[in-house]
Amino acid sequence: MPRACFTLQVRPDRLAEYRERHAAVWPDMLRALRDAGWRDYQLYLRDDGLLVGVVETDDLPAAQAAVDATSVSARWEAEMAPFFETGDGRGKAELDLVFDLDAQLTALGASTTAPTGDPS
């Protein structure tokens, strides 16, 4: 599955509320993300406000455009905009993949799962 990783910056004074809002995202927003091609989407938040997102999607810009076309996304983004240093959550900085353990193990012809049993 193709994955994308991106960063955003949450305002440090809004971290607690940002966490609360994401503990129970609106059901319509969850469905909109799913229907737009976002799979296995996770957000990680550091105490200084660095937000890292990881998502499986065939094409992040296309998936973003598809979710942006929904009315629920417009409402969600309007409510979330004040949480970001940039003034909105659409300024995702996509990161380049530089290491993939499974890909390199596969290229070696090695298993991607650890052996089981007695190590002695």
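Residues numbered from 1 in each chain as written. Predicted model: local features only at pLDDT ≥ 70, side-chain atom pairs only at ≥ 80, totals over all residues. Heavy atoms only, no water.

Under an unreviewed UniProt entry, the name given to the protein chain is L-rhamnose mutarotase, and the source organism is Geodermatophilus dictyosporus.

This next bit is on the environment of Gln 42. With respect to the secondary-structure elements, Gln 42 resides in strand β2 (residues 39-45). Residues Gln 42 and Leu 108, 66 residues apart in the sequence, show an inter-C-alpha distance of 29 Å. Residues contacting Gln 42, with those up to four places away along its chain left out, are Val 52, Gly 53 and Val 54. A polar atom in the side chain of Gln 42 sits 3.0 Å from the side chain of Tyr 44. (Helix = DSSP H or I, 4+ residues; strand = E, 2+ residues; numbered from the N terminus. Contact = heavy atoms within 4.5 Å. Polar contact = N/O pair within 3.5 Å; in protein donor to acceptor, adjacent residues only side chain to side chain.)

What follows is about the sheet that holds strand β1 (residues 3-9). On the basis of which strands lie adjacent, the open sheet formed by four strands has the order β2-β3-β1-β4 and antiparallel pairing. In the strand order of this sheet, the two ends are held by β2 and β4 (93-94), each with one partner. (Pairing = 2+ DSSP bridges.)

Attention shifts here to the packing of helix α1 (residues 15-23) against helix α4 (residues 71-80). Two elements in contact, α1 and α4, have axes separated by 12 Å at closest approach and are oriented at 160°. The angle between the axes of α1 and α4 places the two elements in the roughly antiparallel class. On α4, the residues touching Tyr 18, Arg 21 and His 22 of α1 are Trp 76, Glu 79 and Met 80. (Axes fitted to C-alpha atoms, helices over the stretch in contact; angles between N-to-C directions. Parallel < 35°, antiparallel > 145°, perpendicular 65-115°, else oblique.)

Take the pattern of salt bridges next. Close approach of charged atoms allows side chains of opposite charge to pair. All told, the structure shown has nine salt bridges when counted by the stated rule. Note that Glu 79 is salt-bridged to Arg 21, the shortest N-O span being 3.1 Å. Here Glu 79 is found in helix α4, whereas its partner Arg 21 is found in helix α1, with 58 residues between them in sequence. We classify Glu 79 as partly exposed; its relative accessible area is 37%. Here Asp 48 ties to Arg 46 by a salt bridge, and the two come within 2.8 Å at their closest N and O atoms. Under the relative-accessibility criterion, Arg 46 is labelled partly exposed at 48%. (Salt bridge = Lys/Arg side-chain N within 4 Å of Asp/Glu carboxyl O. Buried < 20%, exposed > 50% of the residue type's maximum accessible area, 1.4 Å probe, protein only.)

What follows is about the pairing of β1. Alignment of β1 against strand β3 (residues 50-56), held across seven bridges, turns out to be antiparallel. Bridged to Arg 3 within β3 is Glu 56. Taken together, the two bridges between β1 and β4 define a ladder with antiparallel strand orientation. If you follow Thr 7 over to β4, its bridge partner there is Ala 93.

A word on the packing of aromatic side chains. Overall, the coordinates contain five aromatic pairs when judged by the stated rule. Aromatic side chains Tyr 18 and Phe 83 sit 5.8 Å apart centroid to centroid with 65° between the ring planes, which places their arrangement in the edge-to-face category. In this pair, Tyr 18 sits in helix α1 while Phe 83 sits in the loop between α4 and β4, placing the two residues 65 residues apart along the sequence. Like Phe 83, Tyr 18 is buried. Ring geometry for Tyr 18 versus Phe 84: centroids 5.8 Å apart, planes at 80°, classification edge-to-face. Of this pair, Tyr 18 sits in helix α1 while Phe 84 sits in the loop between α4 and β4; the two residues are 66 residues apart in sequence, bridging distant segments of the chain. Judged on exposure class, the residue Tyr 18 and its partner Phe 84 are both buried. Among the aromatic residues, ring-to-ring pairing joins Phe 6, Trp 38 and Tyr 41 into one connected group. (Phe/Tyr/Trp six-rings, centres within 6.5 Å; stacked < 30°, edge-to-face > 60°.)

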